[in-house]
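Notes for the structure review
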Amino acid sequence: YHLRSTVTIGYVAADAGAGVEKVFCKVNEGTEYECPGGSWTLNVTEGPYALTVRAVDKVGRTSAPVTATFIVDLNDPMTFLDASPRAEDTADGLY
């Protein structure tokens, strides 16, 4: 669970052979886009998220996508108190 409206995700893409050309990111089932720089900052709202990253090396080979999931919970917990007297406590009409 994440408790803030901004999330920063760090990632690393490496290729010992040709080297990494590009890194692509995607939020949930949205459009994939290039996200260079090693980190990714998102403004988020309440709910579940899946962040997916994949790399393409300089000769065009693509890595398997890697996904991180989390839930954003921005709501405070609620408490309730039932202050009604029990029937046996009010038999005389007083409480």
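Whatever comes next refers back to the structure up there.
1. Details of the nonpolar core
Of all hydrophobic cores here, the largest spans 15 residues; its most connected members are Y11 and W40. Broken down by secondary-structure element, the contributors of at least two residues to this core are β1 (6-10), β2 (20-27), β4 (39-43), β5 (47-57) and β6 (66-72). With 4 residues, the top contributor of residues to this core is β5. Apart from residues no more than four positions distant in its own chain, Y11 is found in contact with V23, C25, C35, P36, G37, G38, S39, W40 and V53.

2. Notes on the layout of surface pockets
Computed from the structure, the largest pocket encloses a volume of approximately 190 Å³. Every residue lining the largest pocket is counted, 16 residues in all, and those nearest its centre are A13, A14, R54, A55 and S63. Per element, the largest residue contribution to the lining of the largest pocket is 5 residues, and it comes from β5. Split by residue class, the lining of the largest pocket holds 10 nonpolar, 2 polar and 4 charged.

3. Some details on the pattern of salt bridges
Two side chains that carry opposite charge are able to pair once their charged atoms sit near each other. Per the stated rule, a full pass over the model turns up 2 salt bridges. With a shortest N-O distance of 3.0 Å, D57 and R61 are connected by a salt bridge.

Rules used in this analysis
Residues numbered from 1 in each chain as written. Predicted model: local features only at pLDDT ≥ 70, side-chain atom pairs only at ≥ 80, totals over all residues. Heavy atoms only, no water. Core = buried A, V, L, I, M, F, W, Y, C linked by side-chain atoms within 4.5 Å. Buried < 20%, exposed > 50% of the residue type's maximum accessible area, 1.4 Å probe, protein only. Helix = DSSP H or I, 4+ residues; strand = E, 2+ residues; numbered from the N terminus. Contact = heavy atoms within 4.5 Å. 1 Å grid on protein atoms, 1.4 Å probe; cavity = no way out; pocket = protein on both sides within 12 Å on 5 of 7 lines; lining within 4 Å. Points joined across faces, edges and corners; volume = space filled by probe spheres on them. Nonpolar A, V, L, I, M, F, W, Y, C, P; charged D, E, K, R; others polar. Salt bridge = Lys/Arg side-chain N within 4 Å of Asp/Glu carboxyl O.

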